Amino acid sequence: MSDHPAPSGADLDALAAFVANTPRLAVLTGAGISTASGIPDYRDDSGDWKRSPPMQHGVFMGSRAARQRYWARALIGFRTLQEARPNEAHRALARLEAEGRVAGIITQNVDGLHRRAGSRRVIELHGRANLVRCMGCGATRMRHDLHAELASRNPDWLDTGARAGPDGDADLEADFTDFRVPDCTRCGDGIWKPDVVFFGDSVPRARVDEAFALLDDADGLLVVGSSLMVYSGFRFAREAARAGKPLACLNLGRTRADDLYTLKVAAGAEAGLSALIERLDDASRRPA
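**Topic: the environment of Val223**
Checked against the element boundaries, Val223 lands in strand β9 (residues 220-224). Among all residues touching Val223, those that are not within four sequence positions of it are Leu28, Leu228, Leu247, Ala248, Cys249, Leu250 and Tyr261.

Here it is, written out as structure tokens:
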């Protein structure tokens, strides 16, 4: 269980009432739902960066040195993402979906943990980190396969002792000029890039439309573990408020949508959703 705080009794009652009174919720999740799985997040409780901002799409595509730095760090940091397992927060949302309380999940995360926990309708706004794509010809390969090739070409980089960062990054600074990054063998010189949306890139239109359709079908929106500082997530909270849908948040610290919520509960995602499940179970066992 996470050591992040659980909601107070009054907040838990309010959150349980929100879920009970909003028959089919859309849920929007961010990095805070996966920290209990050992994946670091980007921002502090004020919504500010904890570390240097992540890779920009234009920088990655335009600089071989940037790609060497990215893949050297990823060779170390991606192990944490690869080894992560769903936590109780992921499982709680999967259960709420199975019970018909949750219509689907819109996630900003690229770790794939919602699907592994059993959630069925999951819209991964920023893609999946376990796949890489050639930016020249569009060929794809599993990321673990590319990492095996990176390891064989760069064996001296495997034991740097660097600390893992968010989304498979690592806190590593060095001279990366000798780090060998393979090109795509299908087209000869294509750039391999994780099949995720980097900062400065756009979420594919079809994926955005699918997320808005889910929100339109739902009776309300619950935000879990996200500061919503990135517009790709904030727009759904703004649209829910514009449409007059009930809007609640379970998150530690400030978010970009604090003035829009019907209800905001300050608690960790794992502790909060686990307590919510218990409260809903207790309510269902009471005599009518």
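**Remarks on the pattern of salt bridges**
Counted according to the given criterion, the structure contains 18 salt bridges. The salt bridge involving Arg95 is made with Glu99; its shortest N-O contact spans 2.8 Å. Close ionic contact of Arg115 with Glu124 constitutes a salt bridge, the shortest N to O distance being 3.3 Å. Under the relative-accessibility criterion, Arg115 is labelled partly exposed at 36%. Judged by relative accessible area, Glu124 falls into the buried class, the value being 12%. Overlapping salt bridges bring together Arg69, Arg73, Asp169 and Glu173 as one network.

**Re the pairing of strand β2 (residues 102-107)**
In terms of burial, β2 is a largely internal element, six of the six residues being buried. As paired strands, β2 and strand β3 (residues 122-124) are joined by three bridges and run parallel to one another. Residue pairing for β3: Ile105 is matched across the bridge by Val122.

**Quick look at the packing of helix α1 (residues 9-21) against helix α9 (residues 269-285)**
Viewed as axis vectors pointing N to C, α1 and α9 meet at an angle of 70°, and their least axial separation amounts to 10 Å. Comparing the axis directions of α1 and α9 gives the class roughly perpendicular. Like other packed secondary-structure pairs, α1 and α9 cross with a definite hand, here right-handed. On α9, the residues touching Gly9, Leu12, Asp13, Leu15, Ala16 and Val19 of α1 are Ala275, Leu276, Arg279 and Leu280. Partitioned by chemical class, the residues of the contact of α1 with α9 number seven nonpolar, one polar and two charged.

**Some words on the packing of aromatic side chains**
According to the stated counting rule, one finds seven aromatic pairs in the structure shown. Measuring from centroid to centroid gives 5.1 Å for Tyr70 and Trp71, while their planes differ by 90°, and the two rings are edge-to-face. Owing to a relative accessible area of 13%, Tyr70 belongs among the buried residues under this scheme. For Trp71, a relative accessible area of 1% gives the class buried. On the numbers, 5.5 Å between centres and 20° between planes, the contact of Trp157 with Phe176 is stacked. Remark: Phe176 occurs in the loop between β7 (170-171) and β8 (192-196) and Trp157 occurs in the loop between α6 (143-153) and β6 (163-164); sequence separation between them is 19 residues. Of the residues examined, Trp157 reaches a relative accessible area of 14% and is grouped as buried. You can call Phe176 buried: its relative accessible area is 8%. Each residue in the set Phe60, Tyr70, Trp71 and Phe198 is aromatic and connected to the rest through ring pairs, giving one cluster.

Criteria and thresholds
- Residues numbered from 1 in each chain as written.
- Predicted model: local features only at pLDDT ≥ 70, side-chain atom pairs only at ≥ 80, totals over all residues.
- Heavy atoms only, no water.
- Helix = DSSP H or I, 4+ residues; strand = E, 2+ residues; numbered from the N terminus.
- Contact = heavy atoms within 4.5 Å.
- Salt bridge = Lys/Arg side-chain N within 4 Å of Asp/Glu carboxyl O.
- Buried < 20%, exposed > 50% of the residue type's maximum accessible area, 1.4 Å probe, protein only.
- Pairing = 2+ DSSP bridges.
- Axes fitted to C-alpha atoms, helices over the stretch in contact; angles between N-to-C directions.
- Parallel < 35°, antiparallel > 145°, perpendicular 65-115°, else oblique.
- Left-handed = near helix turned anticlockwise from the far one by under 90°.
- Nonpolar A, V, L, I, M, F, W, Y, C, P; charged D, E, K, R; others polar.
- Phe/Tyr/Trp six-rings, centres within 6.5 Å; stacked < 30°, edge-to-face > 60°.

Any functional reading would require information that these geometric values do not contain.
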